[in-house]
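Chain by chain, the residues run as shown.
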Amino acid sequence: MEHMIHEIKPVFNDKSRILILGSFPSVKSREGQFFYHHPQNRFWKVLAASLSQSVPATVEEKTIFLLSNHIAVWDVIASCDIQGSSDSSIRNVTPNDLTNLLSFAPIRSIYTNGGTSHKLFCKHIEPSLGRSAVKLPSTSPANAAWTLERLVGIWGPAIRKGLFPGKPDSDLTDF
């Protein structure tokens, strides 16, 4: 177990409408200093397919992709004890403070990427924030029971609903 501090800055701007929260960056993400940096994590493929766009490749392309689609990304945890990238090993959690992000960006919906981030959000952030999050299935390769197609089938409508509340999903194909 190592005590790790989250060093990746959140991605958001004053047009971000949805916030996607992971638990804590993987070893590969910490090395690459960006979210979902492991090539086998399906996060970028799922988002791109959900919005009928090309998969961004570089950190710059990913940042532009997020901001141009009004998506903010960060993690629930500011620091913790963790072994490698294992969410199940996470202990001694200090949560990130979402206050500044939420006061700056007009976030309509908060989504968590998987069960661990959702559980930690509900325990450490939701009580003081007074806002709930929708749990989406993890895009991690460890979640092998979920194919890319199944993930897109759940993530796609959720993301589009967060971006365009009240608009039927069938009307969102032109986005």
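The rules we used
Residues numbered from 1 in each chain as written. Predicted model: local features only at pLDDT ≥ 70, side-chain atom pairs only at ≥ 80, totals over all residues. Heavy atoms only, no water. Helix = DSSP H or I, 4+ residues; strand = E, 2+ residues; numbered from the N terminus. Buried < 20%, exposed > 50% of the residue type's maximum accessible area, 1.4 Å probe, protein only. Areas by Shrake-Rupley, 256 points an atom, 1.4 Å probe, with all protein chains shown as cover. Lys, Arg positive; Asp, Glu negative; His and termini not counted. Charge placed at Lys NZ, Arg CZ, Asp CG, Glu CD. Pairing = 2+ DSSP bridges. Axes fitted to C-alpha atoms, helices over the stretch in contact; angles between N-to-C directions. Parallel < 35°, antiparallel > 145°, perpendicular 65-115°, else oblique. Left-handed = near helix turned anticlockwise from the far one by under 90°. Contact = heavy atoms within 4.5 Å. Nonpolar A, V, L, I, M, F, W, Y, C, P; charged D, E, K, R; others polar. Core = buried A, V, L, I, M, F, W, Y, C linked by side-chain atoms within 4.5 Å. Expected span 1.5 Å × (residues − 1). Bend = angle between axes of the 7 residues up to and from the residue.

### As for the overall build of the protein chain
- A tally of helices and strands in the protein chain yields 7 helices and 7 strands.
- Counted from the first residue to the last, the protein chain has its helices and strands arranged as β-β-α-α-α-β-β-β-α-β-α-α-β-α.
- Counting only C-alpha atoms, the protein chain reaches 45 × 35 × 30 Å along its principal axes.
- For the protein chain, the proportion of its 175 residues judged to be buried stands at 47%.
- Working note: accessible area of the protein chain is about 8800 Å², and carbon and sulfur atoms make up 52% of it.
- Taking the average place of the 18 positive charges on the side chains of the protein chain and the average place of its 15 negative ones, the gap between the two points comes to 5 Å.

### Comments concerning the environment of A145
- Inspection of the secondary structure assignment puts A145 in the loop between β7 (134-136) and α7 (148-163).
- We classify A145 as exposed; its relative accessible area is 58%.
- Once the C-alpha coordinates of A145 and I5 are considered, the two residues, 140 residues apart in sequence, prove to be 30 Å apart.

### Examining the sheet that holds strand β5 (residues 91-95)
- In space, the 3 strands of this open sheet follow the order β1-β4-β5, with antiparallel pairing throughout. Each edge of the sheet is formed by a strand with only one pairing partner; in this case those strands are β1 (2-5) and β5. The sheet shows a mean angle of 10 degrees between the axes of neighbouring strands, taken without regard to direction.
- Bridging between β1 and strand β4 (residues 77-82) involves 4 bridges; their strand directions are antiparallel. If you follow M4 over to β4, its bridge partner there is C80.

### Some remarks on the packing of helix α2 (residues 43-50) against helix α3 (residues 59-68)
- Interhelical geometry of α2 versus α3 gives an angle of 40 degrees and a closest axis separation of 12 Å. Considering their axes alone, α2 and α3 lie oblique with respect to each other. Judged by the twist between their axes, the crossing of α2 over α3 is left-handed. For the pair α2 and α3, the contacting residues are W44, L47 and A48 in the first and K62, F65 and L66 in the second.
- Partitioning the contact of α2 with α3 into residue classes produces 5 nonpolar, no polar and 1 charged.

### What about the nonpolar core?
- One finds L19, I20, L47, L66, W155 and I159 to be the most contacted residues of the largest nonpolar core, which totals 48 residues.
- The element that contributes the greatest number of residues to this core is α7, accounting for 6 residues.
- Apart from the residues lying within four places of it in its own chain, the contact partners of W155 are I20, F43, V46, L47, S50, N113, L136, P137 and T139.

### A look at α7
- With 16 residues, α7 should cover 22 Å at 1.5 Å per step; its first-to-last C-alpha distance of 21 Å lies within 8% of that length.
- Roughly 25 degrees is the biggest bend found in α7, and it falls at W155, with proline P157 one to four residues downstream.
- Among the residues of α7, L151, V152, W155, G156, A158, I159, R160, G162 and L163 are the ones counted as buried.
- The secondary structure elements touched by the buried residues of α7 are β2 (18-22), α2, β6 (109-113) and β7.

### With respect to the packing of α2 against α7
- The interhelical angle for the contact between α2 and α7, taken along N-to-C directions, is 60 degrees, at an axis separation of 8 Å. With respect to α7, the element α2 is oriented oblique. The chirality of how α2 crosses α7 is right-handed. Together, F43, K45, V46, L47, A49 and S50 of α2 and L148, L151, V152, W155, G156, I159 and R160 of α7 make up the contact between the two elements.
- In the contact of α2 with α7, the residues fall into 9 nonpolar, 2 polar and 2 charged.

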